[in-house]
Amino acid sequence: MECYASSKLLSSSCIPSINTQLHTSLCKPTAVKKEFSRRTLCTALPSLSLGKPFLPLRHGLDRTFYQKRLFCNPSKSHKGHIYSATGNQPWDFGRFVKTLFFFDAVPNPLKFVESLVEKLSGETSPEPVKKMEYSGIVLVAGATGGVGRRVVDVLRNKGQRVRVLVRNEEKAKRMLGPDVDLVLGDITKESTLLPEYFKGVKKVINAASVIVGPKEGDTPDRAKYSQVRIVLYNNIHRKLVVILMSFDLCYSNSSLWGCTPALEALEDTIKGDSPEMVEYRGMMNLINAVKGSVGLREGSLVFGWEGNSFKDLPWGALDDVVMGGVSQSTYVVDPKGGEGGGPTGIFRGNVSTSNNGGFTSARTKNFSSPLDLSAYDGLELRLKGDGHRYKLIIRTSSDWDTIGYTASFDTVEGQWQSIKIPFSSLRPIFRARTVVDAPPFDASKIFALQLMYSKFEYDGKLNPSFVEGPFELPFSSLRAYLQEPILPRFVHVSSAGVTRPDRPGLDLTKQPPAVRLNKELDFILTYKLKGEDLLRDSGIPYTIVRPCALTEEPAGADLIFEQGDNITGKISREEVARICVAALESPHARDKTFEVKSVIPFSEPFTVDPENPPPEKDYDVYFKTLKEGITGKEQLEPSPLAA
């Protein structure tokens with residue numbers, strides 16, 4: 001609510017007060033005319049056709065009273081109207097009461113008096129407005145795996161806030177430290193992914209994957225998994241060399257392929273949950289759990305038409321009648337007033353500065369549950385301008401008279417336009433003045449929205465385009481949006497080779513073991529591909545990284561990025577972790593699927609001189625070469641598994 005007054009209204013004896021008898025007031029007899037004629041009322045009120053009634057019937061209000069008392073009826077006098085202490089316009093006390101009933105809120109009279117005093121004595125705030133700050137958390141799933149724990153390290157080194165989703169708290173704290181922000185959950189069990197786990201999460205890196213290991217078992221410290229010695233004969237150097245290679249060349253938790261023939265002879269099997277549960281059902285559960293936190297590429301409709309459906313909000317008029325003014329407004333639906341003859345909502349009315357007023361607004365009732373738009377960067381209005389400046393006010397408290405986070409916007413007369421209002425541009429306003437020590441805007445707790453046309457800006461300034469009289473603002477939608485350029489919000493570590501088991505004409509004898517053993521391993525690669533498809537179809541801005549065989553070698557080797565799922569090779573886990581984190585910050589990685597390997601062949605180890613490490617890579621150089629829509633599925637026949 002905006003309250004404005006002049007020095008003529010300073011006397012508290014001239015301020016209307018609500019008590020058990022609605023026809024009384026505290027004003028002195030000299031300030032209020034007790035009765036007036038119907039003729040006086042008709043000439044005083046602005047001429048305005050408001051369409052269908054704006055405020056629904058509430059609390060048993062009589063329909064005749066509701067529809068007719070706002071307008072002229074020559075046959076009756078209206079004692080429900082009183083005159084303001086200043087000016088000569090009658091104050092519609094009945095409409096004031098209806099407004100309070102509609103919003104289920106009766107302002108505290110003492111606070112109302114305080115607002116008038118503040119308006120008269122307050123000065124423009126000398127302090128700059130605090131910029132609304134946002135801090136997003138990066139969630140890492142599979143954080144105790146080989147890639148996942150390195151992702152956590154890279155994020156921490158960059159100063160990012162990290163939360164890990166793990167199944168084993170003790171293991172996670174042992175690996176990641178006792179102070180790690182962790183939540184206990186299992187992506188294969190939807191009921192364990194509680195909504196509060198994802199509050200504040202804006203981005204996700206998923207390194208969780210099915211576990212594959214030797215069928216005959218392993219030692220308690222997984223020695224077989226960790227390392228196998230492969231003796232190779234080096235013809236160039238004429239000597240035997242021993243190369244330590246991760247067993248993940250065969251049994252990777254995210255890239256199951258790339259073994260030598262000697263290792264292929266070892267029988268392998270799925271350990272724990274099946275590929276269907278982890279790679280497909282688990283991905284489905286994780287996407288559904290985070291979708292509301294990380295946001296959708298196309299945004300989220302808050303109000304308006306989308307396709308053939310309409311999402312409405314409980315709009316109601318909140319005009320300067322609440323402070324003695326006579327301005328009026330309404331909200332109606334015009335089924336043919338929108339773009340292309342489609343439907344649109346219309347906020348229209350007549351604004352007057354009589355009685356120290358000068359604003360009209362359409363405000364929603366408090367939502368039964370607050371809107372959580374923390375995944376997004378702002379609100380976008382689609383409207384037809386009339387050349388005036390308006391305000392959008394967002395309220396993050398269920399209280400009636402509280403701070404409104406506000407932004408002004410200008411419109412172009414006669415043109416449909418999109419107005420984007422970043423959350424970071426909102427000003428904390430209370431009673432038309434900036435609150436310099438207000439808490440930051442919290443987009444996760446939006447209780448009400450308000451559109452306002454007002455004579456007043458903030459801190460004593462006036463609206464430069466304000467004109468008394470009729471106005472009309474058609475607006476067809478209100479949508480939360482992601483700021484351009486849109487960055488990936490979900491990075492998924494998959495595996496090279498996922499499209500090959502079903503590829504026609506492919507010589508499987510020349511493919512890595514994971515491709516040849518896909519069926520024996522419960523269709524592991526097939527379900528990885530199905531999990532990828534879920535992410536691609538989710539609407540979440542994504543990046544899908546398909547590493548070749550993972551090694552324990554250091555990062556730093558030159559890389560090859562490819563698309564189409566054709567390459568084989570190896571790559572360091574550390575390198576994959578860095579690629580994942582870099583993708584979160586690059587618009588060139590958004591909605592891309594790619595394979596990656598190093599240029600170092602299997603037969604050669606890669607080492608780094610600690611005294612002279614390689615420079616950090618600019619992964620954008622690689623991301624810029626990638627294209628959307630290339631996955632390798634273009635060459636596939638239908639999968640033997642149902643979708």
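Cut-offs used in this document
- Residues numbered from 1 in each chain as written.
- Predicted model: local features only at pLDDT ≥ 70, side-chain atom pairs only at ≥ 80, totals over all residues.
- Heavy atoms only, no water.
- Helix = DSSP H or I, 4+ residues; strand = E, 2+ residues; numbered from the N terminus.
- Pairing = 2+ DSSP bridges.
- Axes fitted to C-alpha atoms, helices over the stretch in contact; angles between N-to-C directions.
- Contact = heavy atoms within 4.5 Å.
- Buried < 20%, exposed > 50% of the residue type's maximum accessible area, 1.4 Å probe, protein only.
- Polar contact = N/O pair within 3.5 Å; in protein donor to acceptor, adjacent residues only side chain to side chain.
- Core = buried A, V, L, I, M, F, W, Y, C linked by side-chain atoms within 4.5 Å.
- Lys, Arg positive; Asp, Glu negative; His and termini not counted.
- Salt bridge = Lys/Arg side-chain N within 4 Å of Asp/Glu carboxyl O.
- Phe/Tyr/Trp six-rings, centres within 6.5 Å; stacked < 30°, edge-to-face > 60°.
- Lys NZ or Arg CZ within 6 Å of the ring centre and 35° of its normal.
- pLDDT = per-residue confidence, 0-100.
- Parallel < 35°, antiparallel > 145°, perpendicular 65-115°, else oblique.
- Nonpolar A, V, L, I, M, F, W, Y, C, P; charged D, E, K, R; others polar.

Pro 485 follows Glu 484 through a cis peptide bond whose omega is -10 degrees. Structurally, Pro 485 can be placed in the loop between strand 24 (469-481) and strand 25 (490-493). Unusually for a residue other than glycine, Asn 355 sits at a positive phi of about 60 degrees. Relative to the assigned elements, Asn 355 resides in the loop between strand 15 (344-351) and strand 16 (359-364).

Let us look at the sheet that holds strand 13 (residues 315-317). Here 7 strands make up an open sheet; going across it, the order is 13-16-23-18-19-21-22 and the pairing antiparallel. Since the sheet does not close on itself, it has two edges, and those belong to strand 13 and strand 22 (433-434), each with one partner. Strand direction decides the pairing type here: strand 18 (residues 389-395) and strand 19 (residues 404-410), joined by 6 bridges, are antiparallel. Bridge pairing in strand 19 places Lys 391 opposite Ser 408.

Here the focus is the sheet that holds strand 4 (residues 161-166). If you walk across this open sheet you meet the 8 strands as 5-4-3-6-25-26-30-28, and the pairing is mixed. Every interior strand has two partners, whereas the edge strands, strand 5 (182-184) and strand 28 (559-562), have only one. The average angle at which neighbouring strand axes cross in this sheet is 25 degrees, direction not considered. In this fold helix 5 (residues 146-157) packs onto strand 3 (137-141), strand 4, strand 6 (201-206) and strand 25, with an angle of close to 165 degrees to the strand it touches most, strand 3.

The subject of this paragraph is the environment of Arg 489. If you trace the backbone, Arg 489 turns up in the loop between strand 24 and strand 25. A relative accessible area of 7% means that Arg 489 is categorised as buried. It is 6.5 Å that separates the C-alpha atoms of Arg 489 and Leu 584, two residues lying 95 residues apart in sequence. The residues touching Arg 489, leaving out its near neighbours within four places in the chain, are Lys 202, Lys 203, Val 204, Val 294, Ala 375, Asp 377, Leu 482, Ile 540 and Pro 541. Within the structure, the side chain of Arg 489 is placed 2.9 Å from the backbone oxygen of Val 294, a separation counted as a polar contact.

Side chains that are nonpolar tend, in soluble globular proteins, to be buried together. Counting residues in hydrophobic clusters, the biggest one holds 42 residues, and the most contacted among them are Leu 379, Leu 381, Ile 394, Phe 409 and Leu 449. The set of elements that each furnish at least two residues to this core consists of strand 11 (300-306), strand 15, strand 17 (378-384), strand 18, strand 19, strand 20 (416-422), strand 23 (448-454) and strand 24. A total of 5 residues in this core trace back to one element, the largest contributor, which is strand 24. Residue contacts for Leu 449: discarding those within four places in its chain leaves Val 302, Leu 313, Trp 315, Ala 362, Arg 363, Thr 364, Phe 367, Leu 379, Ile 393, Ile 394 and Leu 478. With 38 residues, the next largest nonpolar core counts Val 147, Val 162, Val 581 and Val 596 among its residues.

Moving on, we get to the side chain of Lys 202. Turning to its location among the elements, Lys 202 is positioned in strand 6. No salt bridge forms around the buried Lys 202; measuring N to O, its nearest opposite-charge neighbour Asp 377 is 4.0 Å away. Within polar-contact distance, the side chain of Lys 202 engages the backbone oxygen of Ser 374 at 3.5 Å. Residues in contact with Lys 202, not counting those within four places in the same chain, are Gly 136, Ile 137, Ser 293, Val 294, Ser 374, Ala 375, Tyr 376, Asp 377 and Arg 489.

Across all of its chains, the model carries 28 salt bridges by this definition. In this structure, Asp 401 engages Arg 431 in a salt bridge whose closest nitrogen and oxygen atoms are separated by 2.9 Å. Of this pair, Asp 401 sits in the loop between strand 18 and strand 19 while Arg 431 sits in the loop between strand 21 (427-430) and strand 22, and the two are 30 residues apart along the sequence. We note that Asp 401, like Arg 431, is buried. Linking Arg 546 and Glu 595 is a salt bridge whose minimum nitrogen-to-oxygen distance equals 2.8 Å. In this pair, Arg 546 sits in strand 26 (residues 542-547) while Glu 595 sits in strand 30 (residues 592-598), placing the two residues 49 residues apart along the sequence. Both residues of the pair, Arg 546 and Glu 595, belong to the buried class. Linked by salt bridges that have partners in common, Glu 532, Asp 533, Arg 536, Arg 546, Glu 595 and Lys 633 make up one network.

With the rule as written, the count across this model stands at 23 aromatic pairs. Centre to centre, the rings of Phe 303 and Trp 315 are 5.8 Å apart; their planes meet at 90 degrees, and the pair counts as edge-to-face. Pair noted here: Phe 303 is in strand 11 and Trp 315 is in strand 13, with a separation of 12 residues, a long-range link. Owing to a relative accessible area of 0%, Phe 303 belongs among the buried residues under this scheme. Consider the rings of Tyr 390 and Tyr 453, whose centres lie 5.1 Å apart with planes at 40 degrees: the pair is tilted. One end of the pair, Tyr 390, is in strand 18; the other, Tyr 453, is in strand 23, and 63 residues separate them in sequence. Using a relative accessible area of 0% as the deciding quantity, one classes Tyr 453 as buried. One aromatic cluster is present, formed by Phe 303, Trp 305, Phe 310, Trp 315, Tyr 331 and Phe 475 through successive ring pairs. For the cation-ring pair, Lys 420 lies above Tyr 481, with the distance from its terminal atom to the ring centre recorded as 4.8 Å. Sitting over the face of the ring of Tyr 280, Lys 530 holds its NZ or CZ atom 4.6 Å from the ring centroid.

The share of residues in the protein with pLDDT of 70 or more is 70%, and the mean pLDDT across the chain is 79. Across residues 122-126 the pLDDT falls below 50, and counting only partners more than four positions away or on other chains, this stretch makes 8 contacts in the model.

For the pair helix 9 (residues 275-294) and helix 11 (residues 524-536), the least separation of the axes is 8 Å and the interaxial angle reads 10 degrees. Between helix 9 and helix 11, the angle is such that the two are roughly parallel. Of the residues in helix 11, those in contact with Pro 275, Glu 276, Glu 279, Tyr 280, Met 283, Met 284 and Ile 287 of helix 9 are Ile 524, Tyr 527, Lys 528, Lys 530, Gly 531, Leu 534 and Leu 535. For the contact of helix 9 with helix 11, the residue count by class is 9 nonpolar, 1 polar and 4 charged.

Time to look at the pairing of strand 30. With 7 of 7 residues buried, strand 30 lies mostly within the body of the structure. Burial along strand 30 is two-sided: Lys 592, Phe 594, Val 596 and Ser 598 and Thr 593, Glu 595 and Lys 597, pointing in opposite directions, are all buried. When strand 26 meets strand 30, the two strands line up parallel, connected through 5 bridges. Bridge pairing in strand 30 places Ile 544 opposite Thr 593. Pairing of strand 28 with strand 30, which is carried by 4 bridges, proceeds in the antiparallel orientation.

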